[in-house]
Amino acid sequence: MPEFEKLHQAVLDGDQKAARSLTEAMLAEGVAPLDMITKAMVPAMDEVGRRFECEEYFVPELLLSARAMKASMELLRPLLTASGAQPAGRVVIGTVKGDLHDIGKNLVASMLEGGGFEVVDLGADVAPEKFIEAVKQSGAQIVALSALLTVTMPSMRTTIDALNQAGIRNQVKVMVGGAPVTSQFATEIGADGYSENASAAVQLARKLMAGSQA
Amino acid sequence: MTGRERILAALDGKPAGSLPLMPITMMFAGDFAGVRYFDYATRAEVLAEAQLRTAERFGFDYVSAISDPARETADLGGAVEWFDNQPPAIIESRALLHDKSTLGRLSLPSPEAPGRMKDRVEAIRILKREAGNDLLVEGWIEGPCALGADLRGLNSLMLDFTDDEDFVRALVDFAIETEIGFARAQVEAGADLIGIGDAAASLIGPRLYREFILPGEQRLTSAIRAMGARSRLHICGNTRRIIGDMARAGAGMIDLDYFTPLAEARAACGPAQPLAGNIDPVRTLRDGTPETVTEALEHCWEESGPLYIVAAGCEIARGTPYENVEAMARFARDHAAA
Ligand code: B12
């Protein structure tokens, strides 16, 4: 279907104007919002992630694509909510305390949104109490933690410990990531999952959701 | 041969005795000297003392006034968050150029006016006075992409490259003017070499780097050369896709992070370019042993061939065991620069 392809291309090109106007046009024609997400947005962001991995795309291209996707999502999200469609899951995400690196975290947040998740983004340098508060308020099933500094990796552990102490650790799955983080470290600190990049993060979140319902 | 002579000889492609040793230290030096990093970053005499003691203890060939990326931004009026024992950080959500039109109203900061830039110039003066005959004295400035990101906010700058090319060009121009002034003040105070830190440039890919950033870096290195000083281009992060272009920046030495194999850098830069680097500062240097450090350096040296300068990919991390740093120093001493 050429329209889906055009929307796919607009996201891939990071063209937010085209993404928005194509979305509007498709909605006017009666295309289902969920179809646009699954047939255009998700595959486009997957491709963006793939190009980033093989160094065809760099951070500017990634952020442009994420912005184009958001422009389209802004039109679709209210319709999805109104139609009663359930999000794939609800995620609270943030970069841990002491750490100001947020580009990777922003990408993971965008990809999760593109993957149909509802995302509460707490920003960077987020204290454990903030995560707890946000989980309680939003009823999120997943907490996603990002860290780019070796010195702030321990903040991931502190945050998980704080979730435990607040008695809500078993209500949520915790996923972690960021350049210095490894799956071994994730296991050590009692996280439920680790992924190396933003597109794998979406797969991981889906897996965790499936696990949490089982 | 003194450390200073060794580095200068190596940069000129002349016999340098043993391999020059130039690893970056900031928090490691502050911790070694037992000072709070807040003081290290704000008091020239504290930084200078810590650098001198660290260089003496570990046998480095140089001392440096590098401390954090926020000196220029702070003097320009940008919001900075301070920590007790960690480098200050620029607050991106309150970026000085959040509104792009502010750029037109910014005037160039003066390294002579009281402020954080002046404090660095003062540190250079002390380092030159205390050790300038024996050790090379390094000044430090932000590169055009880094300062652009500091002022505008990295996330916004990444989109500006596509949304508003004219703004990016004006921002790079402003950054270059600022940094030429800052470099000059440091050279006049006694710096032999100016390090240019341009970390954000590792994120943008070859097309944008070539078009917007490389020309700025070229202007900086040639201005520094005209001042009679050398330059060190340090771009943290993965530079494999831009190393071929970095080779044309005109830097006296290119200092590589651990992502880029030195063999690739050597192939891209040719036999006449001094290269520094690039063992993994965390996995190898901090978490390894003297044996793994030595082994990793063997590998670097082999890949680089002549005109090799011993260093880690980035700053020696806080908490790095002293014996691992000693292993680095031993490696440099024990190997004759070809
Ligand atoms: C940009 C940058 C900065 C910017 C950050 C601006 C911003 N808004 O983010 C600024 C200039 C502020 C900065 C400051 C510092 N930085 Co910095 N920075 C970088 C740099 C160059 C790029 C990071 C980046 O954005 N990468 C691109 C993104 C897309 O990749 P990513 O974050 O890894 O994310 C991907 C995955 O990891 C994963 N992921 C990320 N988060 C999550 C979360 C989950 C849940 C999952 C599943 C996956 C996931 O998905 C992402 C997409 O695929 C790196 C070097 C490098 N190239 O890696 C250094 C680097 C991270 N910084 C470093 C350092 C040391 C610092 C400073 C301490 C420097 C100093 N001395 O002042 C300060 C610290 C400030 C602070 N308190 O946080 C070191 C860290 C070393 C270490 N291991 O500890 C690095 C590695 C540079 C180096 N070689 O030494 N930095």
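Residues numbered from 1 in each chain as written. Chains lettered and ligands numbered in written order. Predicted model: local features only at pLDDT ≥ 70, side-chain atom pairs only at ≥ 80, totals over all residues. Heavy atoms only, no water.

Colleague: Report on the coordination of the cobalt atom of the ligand, specifying residues and quantitative values.
Modeller: Just one protein atom coordinates the cobalt atom of the ligand, and that atom is H101 of chain A (NE2), at 2.3 Å. Mapped onto the elements, H101 of chain A comes out in the loop between β1 (90–95) and α5 (103–114). (Donors = N, O, S within 2.8 Å, 3.2 Å for Na, K, Ca; no water. Helix = DSSP H or I, 4+ residues; strand = E, 2+ residues; numbered from the N terminus.)

Colleague: Could you give an account of the interface of chain B and chain A, naming the residues involved and the relevant values?
Modeller: With 22 residues of chain B in contact, the opposing surface of chain A contributes 18 residues. Both faces considered, chain B and chain A share a buried interface measuring about 1600 Å² in area, 56% of it formed by carbon and sulfur atoms. Taken as a group, N155, L159 and R241 of chain B account for 29% of the area that chain B buries against chain A, more than any other trio of residues on that side. Remark: the boundary between chain B and chain A carries two salt bridges. Close ionic contact of D163 of chain B with R67 of chain A constitutes a salt bridge, the shortest N to O distance being 2.8 Å. Taken together, chain B and chain A are joined by six residue pairs in polar contact (both at pLDDT 80 or more). Listed by contribution, the elements that provide at least two residues to the side of chain B that touches chain A are β3 (89–90), α8 (154–163), α10 (205–226) and α13 (281–286) of chain B. Counting residues per element, the side of chain B that touches chain A draws most heavily on α8 of chain B, at six residues. Grouping the amino acids of the side of chain B that touches chain A by side-chain chemistry returns 10 nonpolar, five polar and seven charged. (Contact = heavy atoms within 4.5 Å. Buried area = accessible area lost by both parts, 1.4 Å probe. Salt bridge = Lys/Arg side-chain N within 4 Å of Asp/Glu carboxyl O. Polar contact = N/O pair within 3.5 Å; in protein donor to acceptor, adjacent residues only side chain to side chain. Nonpolar A, V, L, I, M, F, W, Y, C, P; charged D, E, K, R; others polar.)

Colleague: Any details on the side chain of T95 of chain A? Residues and values, ideally.
Modeller: All names here are of chain A. Secondary-structure assignment places T95 in strand β1. Among the polar contacts made by the side chain of T95, one reaches the main-chain carbonyl oxygen of H101 at a distance of 3.0 Å. Not counting chain neighbours up to four residues away, the residues in contact with T95 comprise H101, D102, K105, G123, A124, D125, V126 and S146.

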